[in-house]
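Spelled out, the chains give:
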Amino acid sequence: VGIELEGSDTQPYSAEQYAALWVLLDALRSRYPIAGVVGHCHIAPGRKTDPGPYFDWVALRTRFPDLSLPAEVSA
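Residues numbered from 1 in each chain as written. Predicted model: local features only at pLDDT ≥ 70, side-chain atom pairs only at ≥ 80, totals over all residues. Heavy atoms only, no water.

(A) Examining the pattern of salt bridges more closely. All told, the structure shown has 2 salt bridges when counted by the stated rule. In this structure, Arg63 engages Asp26 in a salt bridge whose closest nitrogen and oxygen atoms are separated by 2.6 Å. Taken together, the positions of Arg63 in helix α3 (residues 57–63) and Asp26 in helix α1 (residues 15–31) put the pair 37 residues apart, joining distant regions of the chain. The class for Asp26 is partly exposed, based on a relative accessible area of 33%. Note that Arg29 is salt-bridged to Asp66, the shortest N-O span being 2.5 Å. Of the two residues, Arg29 is situated in helix α1 and Asp66 in the loop between α3 and α4 (71–74); the sequence distance between them amounts to 37 residues. (Salt bridge = Lys/Arg side-chain N within 4 Å of Asp/Glu carboxyl O. Helix = DSSP H or I, 4+ residues; strand = E, 2+ residues; numbered from the N terminus. Buried < 20%, exposed > 50% of the residue type's maximum accessible area, 1.4 Å probe, protein only.)

Given below as structure tokens:
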């Protein structure tokens with residue numbers, strides 16, 4: 001499942017975007033066995049950069065501690 005947040009590599013995502021993302025992830029996880037989350041940058045390195053350096057992976061890990069995340073953001 002691909003989720004697109006409106007943003008860029010030069011500015012943080014808004015609190016409203018994260019709030020909507022948490023609701024969406026809760027809904028998807030209640031329907032599908034989602035075990036992990038990665039960014040486009042992990043699927044197509046060198047070609048894609050999103051979600052970019054301003055994505056709050058720590059907030060994602062805090063909100064969903066059971067999800068597997070990419071090694072470089074899981075440390």
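Additional details are given in the paragraphs that follow.
(B) A look at the side chain of Gln17. Topologically, Gln17 is positioned in helix α1. Residue Gln17 is classed as buried on the basis of its relative accessible area, which comes to 17%. At 2.7 Å, the side chain of Gln17 forms a polar contact with the backbone oxygen of Glu6. Excluding residues that lie within four positions of it along the chain, Gln17 makes contacts with Leu5 and Glu6. (Polar contact = N/O pair within 3.5 Å; in protein donor to acceptor, adjacent residues only side chain to side chain. Contact = heavy atoms within 4.5 Å.)

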